[in-house]
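# Chain and residue survey
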Amino acid sequence: MTAVKVDMEAVRLLMEEAARTTILPHFRKLKSGDIDQKAGPHDVVTVADKASEDFLTPRLRALVPGSTVVGEEASSVDESIMDALRRPGYAWLIDPIDGTANFAVGSALFAVMVALVKDGDAVASWIYDPIRGICAMAETGSGAVMREADGSMRRLSMPKPPSLAHLSGAPNLRYGDRDFAARIAYRMDKTAGVMILRCAGQEYLAMLDGHFHYAVYNRAMPWDHTAGCLLMTEAGGIARRLDGSLYRAADKPFISPLVAACGEDQWNWLKKDIFDA
């Protein structure tokens, strides 16, 4: 398939419009009937999630003729939709509200995430924070940028702390191998601290700005991590599974824990002294 040049700004504007018209009108105004439970008590969906995905799906598809769309909410109803990520061609990944549990209780720690995938790998990505009005964007081979609320742009390049003891991050251990989770938790005193935001999109934004230096995810759903992993890579970091493989949108969620870090050295310190020790 011939490569396409995606309009980065057009996607960002669609995400802003989705937030303005389908998400923010519900923020801190949800009624009991506006929230449903999916797989468990911590896995919820709101009317805003569904409306945001419904808004973005046809509009993103129109930007790349012949593309498919893999949205979190549609995929939760029909898992076969995710097969599009493993077929040749272009597919859009949509997380209409990342951090829905936060959004549902009125916390501002949520985000909208979109990625464009070609043949199973991300080629462009966006993470938009509707509250702060900022949007991180990246294209493969072109670096990563942050568009601030005032419209200014800055290149993203993550700082590299000098030792394991200087690293702080988000080891998300709720899902997956419990022995692995216990081993990590026991050794976290070797690092500078732990901060869990319950929103991968916000954790990626925090890493891109140097507030966090790494994050660990036992469950790596494509809509939660594809956009962030490309942004991390383009900003000078790395997103790799503990088995050594780079993260791909086409991966199954539980192949091996995903570790995103601000640099190669920092990733290796975590693996040697936290995960493998």
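Scanning all chains against the criterion turns up one cavity of 30 Å³ or more. Empty space within the largest cavity amounts to approximately 30 Å³. Taken together, Leu93, Asp95, Met113, Val114, Ala115, Pro222, Trp223, Thr226 and Ala227 make up the full set of residues lining the largest cavity. Of all the secondary structure elements, the ones that give two or more residues to the lining of the largest cavity are strand S4 (90–98), strand S5 (111–118) and helix H7 (222–234). When residues of the lining of the largest cavity are assigned to their parent elements, the largest contribution, four residues, is made by H7.

Considering only enclosed or pocket space, the largest pocket measures out at about 930 Å³ in volume. What lines the largest pocket is a set of 36 residues, and nearest its centre among them are Asp43, Arg174, Tyr175, Arg219 and Asp224. Residue assignment for the lining of the largest pocket shows that the elements contributing at least two residues are strand S1 (35–40), strand S2 (43–46), helix H3 (72–77), S4, helix H4 (100–104), helix H6 (200–208) and H7. No other element matches the four residues that H3 contributes to the lining of the largest pocket. Within this model, the second largest pocket holds a volume of roughly 290 Å³. Residue assignment for the lining of the second largest pocket shows that the elements contributing at least two residues are strand S6 (121–129), H7 and strand S13 (238–241).

Core analysis: the biggest nonpolar cluster contains 46 residues, and Leu93, Ile127, Tyr204, Leu208 and Leu258 have the highest contact counts within it. In this structure, Ile97, Val114, Leu116 and Trp126 belong to the second largest nonpolar core, which totals 31 residues.

Parameters at a glance
Residues numbered from 1 in each chain as written. Predicted model: local features only at pLDDT ≥ 70, side-chain atom pairs only at ≥ 80, totals over all residues. Heavy atoms only, no water. 1 Å grid on protein atoms, 1.4 Å probe; cavity = no way out; pocket = protein on both sides within 12 Å on 5 of 7 lines; lining within 4 Å. Points joined across faces, edges and corners; volume = space filled by probe spheres on them. Helix = DSSP H or I, 4+ residues; strand = E, 2+ residues; numbered from the N terminus. Core = buried A, V, L, I, M, F, W, Y, C linked by side-chain atoms within 4.5 Å. Buried < 20%, exposed > 50% of the residue type's maximum accessible area, 1.4 Å probe, protein only.

In short, the description is geometric, and any link to function would need to be established separately.
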